Amino acid sequence: MVEVLKSSFEDLFPIIETCIRECSFVAFDTEFTGLTADSSNTETLFDDGPARYAKKRRDVQQFIMVQIGLSAFIEIPHENRYRVHTFNFYVYPGSFGSVNVKFLCQASALEFLCRHNFDFNKFIYDGISYLNEEQEKVLCNEIEELSVATDAECDYDEITVQEISSKISEWLATAKNEDKLVLEKPPSVSDYVLHSQLRQRFPAIWTISVDRLHVQCAKITEEKKSIILKEHEMENERVLNSMLGFTRVFRLLVKHRKPIVGHNCFMDLMLIEIFSVQRGYQSIVPICF
């Protein structure tokens, strides 16, 4: 079994992609932060199919996945057996811009995870992000418009960013092309917010992080800025891919349309709604798989 974390996801993704492409079928299982949000969603013997589905859907929408296990079964020709590649993903809905998921936790579910040695540190500190289609569209627009900072971040960071901006204004009054200025980077401001704000306010400069504590400003020509902006687009793509995270694995399953095998997976299958448009998995499962 291969444990997949945010820190190792990009390195392992090509291997995961190959296994999914070459496999005959995939088995999966998931763990959630809870199963039942409130008593009104408890199933009864009198529930028909639509009623049971509606109750489960309400529950799924309030909890999140914390771990996903995938096993890709690759047939060995002429041997009547399979080679199995198993991946254990810790997943966590990372926040970025206006994407900031709220979710419930159920005590019994967390106790169950504890009894089975679930590592909550890996879940929070190194869990792989994921987005549904709506969140992806919102994030793409925010990145393009340089509006990733939330209102709370802007209110909190504005004073600090303004102090840095004043120093840059004074320096620009006498700076020549290719001149550089190194400033102390405030720990209260994220790198993305700081660079986005400074580049917006001062079109004649480009900023980079020198290290964890310092930011460098350089006065550049329009020609050089055009070249840098093309490279910056690639950086934005890397940010988006990082936030998509496990969604990219899900899309591989959809792309290759592999048979999915699960045990008692009625609730697990609803995770498809997390990665897709909110139409209900009765219509999505046949389309995707």
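Structure shown above.
None of these values were measured; they are calculated from a predicted model.

## Here's the deal with the packing of helix H1 (residues 6–22) against helix H9 (residues 247–256)
The contact between H1 and H9 brings their axes to 10 Å, and the two run at 15°. As far as their axial angle goes, H9 and H1 are roughly parallel. When you trace H1 past H9, the crossing you get is right-handed. Only Arg-248, Val-249, Leu-252, Leu-253 and His-256 of H9 make contact with H1, whose side of the interface consists of Phe-9, Glu-10, Phe-13, Ile-16, Glu-17, Ile-20 and Arg-21. Partitioned by chemical class, the residues of the contact of H1 with H9 number seven nonpolar, one polar and four charged.

## Some remarks on the sheet that holds strand E3 (residues 65–76)
One open sheet holds the five strands; their spatial order is E1-E4-E3-E2-E8, and the pairing between them is mixed. Each edge of the open sheet carries a strand with a single partner, namely strand E1 (2–4) and strand E8 (260–261). Sheet topology places E1 next to strand E4 (residues 81–90); three bridges connect them, and they run parallel. Bridge assignment links Glu-3 to a residue of E4, and that residue is Asn-88.

## Notes on the pattern of salt bridges
Scanning the model with the defined rule gives six salt bridges in all. Where Glu-10 meets Arg-248, a salt bridge forms, and the shortest distance between an N and an O atom there is 2.7 Å. In this pair, Glu-10 sits in helix H1 while Arg-248 sits in helix H9, placing the two residues 238 residues apart along the sequence. A salt bridge links Glu-79 to Arg-81; its shortest N-O distance comes to 2.7 Å.

## Thoughts on the nonpolar core
One finds Val-4, Ile-16, Leu-70, Phe-89, Val-91, Phe-246 and Val-249 to be the most contacted residues of the largest nonpolar core, which totals 37 residues. Listing elements by their share of this core, those giving two or more residues are H1, strand E2 (25–32), helix H2 (49–60), E3, E4 and H9. With 16 residues, the next largest nonpolar core counts Val-161, Val-193, Val-215 and Cys-217 among its residues.

## A short note on unusual backbone geometry
In the Ramachandran plot, His-78 falls in the positive-phi region, its phi being about 65° despite a non-glycine side chain. Structurally, His-78 can be placed in the loop between E3 and E4. A positive phi angle, near 50°, is found at Asn-264, a position not held by glycine. Take Asn-264: it is sitting in the loop between E8 and helix H10 (266–269).

## Section: the pairing of strand E6 (residues 205–209)
Direction of pairing for E6 relative to strand E7 (residues 214–219): antiparallel, over a ladder of five bridges. Across the sheet, residue Ile-205 finds its bridge partner in E7, namely Lys-219. Hairpin remark: E6 followed by E7, antiparallel, with four residues in the connecting loop.

## Considering the side chain of Asn-88
By secondary structure assignment, the location of Asn-88 is in strand E4. A polar contact of 3.3 Å, which involves the side chain of Asn-88, links it to the side chain of Gln-67. Ignoring any residue separated from it by four or fewer positions in sequence, one finds Asn-88 in contact with Met-1, Val-2, Glu-3, Val-4, Gln-67 and Ile-68.

## Considering helix H7 (residues 191–201)
Among the 11 residues in H7, eight count as buried, and that is most of the element. For H7, every residue scored as buried is listed here: Tyr-192, Val-193, Leu-194, His-195, Ser-196, Gln-197, Leu-198 and Arg-199.

## Re the sheet that holds strand E5 (residues 180–184)
Spatially, E5-E7-E6 is the arrangement adopted by the three strands of the open sheet, whose pairing is antiparallel. Looking along the sheet, the strands with just one partner apiece sit at the ends: E5 and E6. The sheet shows a mean angle of 25° between the axes of neighbouring strands, direction not considered. The strands touched by H7 are E6 and E7; relative to E6, the strand with the most contacts, the crossing angle is about 170°.

## Observations concerning the packing of aromatic side chains
Two numbers describe a pair of aromatic rings. These are the distance of the centres and the angle of the planes. Within this structure, the stated rule accounts for 10 aromatic pairs. A centroid spacing of 5.6 Å and a plane angle of 55° characterise the contact between Phe-9 and Phe-13, whose relative ring orientation is tilted. In this pair, Phe-9 and Phe-13 both sit in helix H1, four residues apart, roughly one turn of the helix. Judged by its relative accessible area of 12%, Phe-13 falls in the buried class. Joined through ring pairs, the aromatic side chains of Tyr-90, Tyr-92, Phe-118, Phe-120 and Phe-123 make up one cluster. Sitting over the face of the ring of Trp-206, Arg-199 holds its NZ or CZ atom 3.9 Å from the ring centroid.

Rules used throughout
- Residues numbered from 1 in each chain as written.
- Predicted model: local features only at pLDDT ≥ 70, side-chain atom pairs only at ≥ 80, totals over all residues.
- Heavy atoms only, no water.
- Axes fitted to C-alpha atoms, helices over the stretch in contact; angles between N-to-C directions.
- Helix = DSSP H or I, 4+ residues; strand = E, 2+ residues; numbered from the N terminus.
- Parallel < 35°, antiparallel > 145°, perpendicular 65-115°, else oblique.
- Left-handed = near helix turned anticlockwise from the far one by under 90°.
- Contact = heavy atoms within 4.5 Å.
- Nonpolar A, V, L, I, M, F, W, Y, C, P; charged D, E, K, R; others polar.
- Pairing = 2+ DSSP bridges.
- Salt bridge = Lys/Arg side-chain N within 4 Å of Asp/Glu carboxyl O.
- Core = buried A, V, L, I, M, F, W, Y, C linked by side-chain atoms within 4.5 Å.
- Buried < 20%, exposed > 50% of the residue type's maximum accessible area, 1.4 Å probe, protein only.
- Polar contact = N/O pair within 3.5 Å; in protein donor to acceptor, adjacent residues only side chain to side chain.
- Phe/Tyr/Trp six-rings, centres within 6.5 Å; stacked < 30°, edge-to-face > 60°.
- Lys NZ or Arg CZ within 6 Å of the ring centre and 35° of its normal.

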